[in-house]
Amino acid sequence: MKIELNKNLKKKPDFNDLGFGRYFTDHMYMVNYAENKGWFDERIVPYQSFTMDPATLVFHYSQTIFEGLKAYKDKENNIRLFRPSANFARLNDSANRCCIPKIDEKAALNGLTELLKIEKDWIPNLPGTSLYIRPTIIATDAVLGVRASSTYLFYIILSPVGAYYKNGFAPGKILIEDFYTRASSGGTGEYKMGANYAISLKASEKAKAQNFDQVLWLDGKEKKYIEEVGAMNIFFIIDNEVITPKLHGSILPGITRDSVIKLLKDFGYKVTERQISVDELYEAIKNKKLNESFGTGTAAVISPVGWFKYKDTEFAINGGKIGEVSKKLYNTLTGIQYGTAADKFNWSVIVK
Ligand SMILES: *Cc1c(COP(=O)(O)O)cnc(C)c1O
């Protein structure tokens, strides 16, 4: 791999005030694809803008996919990743769905490793902070015909991010969307494709206008069954049974979701992956059987739900307070990610 170091290093931002995705490091990883060459010219170069023809396919037909994972700095100053192979495997699943050629997962992880070693000083070490990693693939043919591109660019950029919970671990307000839908059977809901997020914006704005933090999506056919939250999978604890919607094609298979299911089973909980309707959820709320609900995703790790609203009815969950299980999961997962808790499943990978 070619490495071109940046001679004009940026001034680092205040690690106490990072927010999310506002700052980018000095270097990026890139590799090109052409039909007759495969993936070629793998390189690490100074972080830079792209110049592209206005007809480039990605701008018109959204042939683009991405991933999201984080690098953490532990007490010994090691760089740690959390199940990174799962992200590159999922990137290839997304690629397959929209006719992007498969990447070499090992080479990509190796490229990321080299990039992280160069950018080590950009990994913040304050509690809850991390370096967010965004692998992205875009279609780069300049042509207006609707077809799969014959050339692509795969790149990885890095952004130091602040603690998701700046004022402490806090419950959120979730609006159950009863009109717009995000995905349907046979569609693209289970892939991290750019197009999925464009179509989610309208509902997010509607929720924000009502002072809610996130949207909970229902199934695209009957608008009856619960799917997931904006960029998180959702869990409910009803009568001591942990329930999460099963993966049936329109829900993103979260790596945090999978980790939480494995941890909960390990803690001794009964975990069921099945369909759950809004009616069942509201029945459980009415009968005071819904003990907890939380979202799972790389950004927030665990996001406890304090309130749900569906049509005109709003309910507090667990009195709007964080539940025991949410707290335990958050502490365990972040402990594994930062290398302070036992890692029975070998999820935390030290970058060497
Ligand atoms: C990324 C994402 C998730 C969470 O996946 P993780 O691998 O846990 O970060 C859930 N839902 C959607 C729609 C997502 O884009």
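This one's a predicted model, so the numbers in the text were calculated from it and none came from an experiment.

**Quick look at the site of the ligand**
Turning to step 1, where the next piece is worked out: Neighbouring the ligand are 15 residues; K192, Y197, E228, T256 and T298 lie closest to it.
Turning to step 2, where the next piece is worked out: The side chain of K192 places a nitrogen or oxygen atom 2.8 Å from an oxygen atom of the ligand.
Turning to step 3, where the next piece is worked out: A distance of 2.4 Å is found between an oxygen atom of the ligand and a side-chain nitrogen or oxygen belonging to Y197.
Turning to step 4, where the next piece is worked out: If the ligand stood free it would expose 380 Å²; the protein chains cover 96% of that surface.
Turning to step 5, where the next piece is worked out: Looking at the shell around the ligand residue by residue, the classes come out as 5 nonpolar, 6 polar and 4 charged.

**As for the domain arrangement of the protein**
Accessible area lost when the parts come together is the quantity often used to give the size of an interface.
Turning to step 1, where the next piece is worked out: Along its sequence, the protein is organised into domain 1 (2–161) and domain 2 (172–338).
Turning to step 2, where the next piece is worked out: One C-alpha centre belongs to domain 1, the other to domain 2, and the line joining them spans 28 Å.
Turning to step 3, where the next piece is worked out: Residue-level contacts link 24 residues of domain 1 with 22 residues of domain 2.
Turning to step 4, where the next piece is worked out: Its largest share of buried area at the contact with domain 2, domain 1 owes to F82, R90 and R97, together 32% of the area lost on that side.
Turning to step 5, where the next piece is worked out: Between the two partners, domain 1 and domain 2, sit 1 salt bridge.

**Here we look at the side chain of S159**
Turning to step 1, where the next piece is worked out: With respect to the helices, strands and loops of the structure, S159 is situated in strand β8 (residues 151–161).
Turning to step 2, where the next piece is worked out: If we skip the residues at most four places from it in the chain, S159 touches G21, R22, Y23, F24, S130, L131 and Y132.

**Digging into the pattern of salt bridges**
A side chain of one charge can pair with a side chain of the opposite charge when the charged atoms of the two come close.
Turning to step 1, where the next piece is worked out: Scanning all chains against the criterion turns up 16 salt bridges.
Turning to step 2, where the next piece is worked out: The salt bridge partner of K2 is D41, with a shortest N-O separation of 3.4 Å. Pair noted here: K2 is in strand β1 (residues 2–3) and D41 is in strand β3 (residues 38–46), with a separation of 39 residues, a long-range link.
Turning to step 3, where the next piece is worked out: For K2, a relative accessible area of 52% puts it in the exposed group.

**Digging into the side chain of D141**
Turning to step 1, where the next piece is worked out: The topology assignment puts D141 in the loop between β7 (130–139) and β8.
Turning to step 2, where the next piece is worked out: Exposure remark for D141: the relative accessible area of 8% places this residue in the buried category.
Turning to step 3, where the next piece is worked out: Polar contacts involving the side chain of D141 include one to the side chain of T151, which spans 2.6 Å.

**Focus: the packing of helix α6 (residues 255–267) against helix α8 (residues 324–337)**
Turning to step 1, where the next piece is worked out: Two numbers describe how α6 lies on α8: the axes approach to 11 Å, and their chain directions differ by 110°. By the angle class used here, α6 and α8 are roughly perpendicular. Note on packing geometry: the crossing formed by α6 with α8 is right-handed. Of α8, the residues touching α6 (which contributes T256, S259, V260, L263, L264 and F267) are V325, K328, L329, T332, L333 and I336.

**Describing the environment of E227**
Turning to step 1, where the next piece is worked out: Residue position: E227 is located in strand β11 (residues 226–229).
Turning to step 2, where the next piece is worked out: Accessibility expressed as a relative area gives 4% for E227, which makes it buried.
Turning to step 3, where the next piece is worked out: Considered as a pair, E227 and T244 are 17 residues apart in the sequence and their alpha carbons are 8.8 Å apart.
Turning to step 4, where the next piece is worked out: Those residues within four positions of E227 in sequence are excluded, and the remaining contacts are A183, W217, L218, D219, I234, P245, H248, S250 and I251.
Turning to step 5, where the next piece is worked out: Within polar-contact distance, the side chain of E227 engages the side chain of H248 at 3.1 Å.
Turning to step 6, where the next piece is worked out: At 2.9 Å, the side chain of E227 forms a polar contact with the side chain of S250.

What counts, and at which threshold
- Residues numbered from 1 in each chain as written.
- Predicted model: local features only at pLDDT ≥ 70, side-chain atom pairs only at ≥ 80, totals over all residues.
- Heavy atoms only, no water.
- Near = heavy atom within 4 Å.
- Polar contact = N/O pair within 3.5 Å; in protein donor to acceptor, adjacent residues only side chain to side chain.
- Areas by Shrake-Rupley, 256 points an atom, 1.4 Å probe, with all protein chains shown as cover.
- Nonpolar A, V, L, I, M, F, W, Y, C, P; charged D, E, K, R; others polar.
- Domains from an automatic or database assignment.
- Contact = heavy atoms within 4.5 Å.
- Buried area = accessible area lost by both parts, 1.4 Å probe.
- Salt bridge = Lys/Arg side-chain N within 4 Å of Asp/Glu carboxyl O.
- Helix = DSSP H or I, 4+ residues; strand = E, 2+ residues; numbered from the N terminus.
- Buried < 20%, exposed > 50% of the residue type's maximum accessible area, 1.4 Å probe, protein only.
- Axes fitted to C-alpha atoms, helices over the stretch in contact; angles between N-to-C directions.
- Parallel < 35°, antiparallel > 145°, perpendicular 65-115°, else oblique.
- Left-handed = near helix turned anticlockwise from the far one by under 90°.

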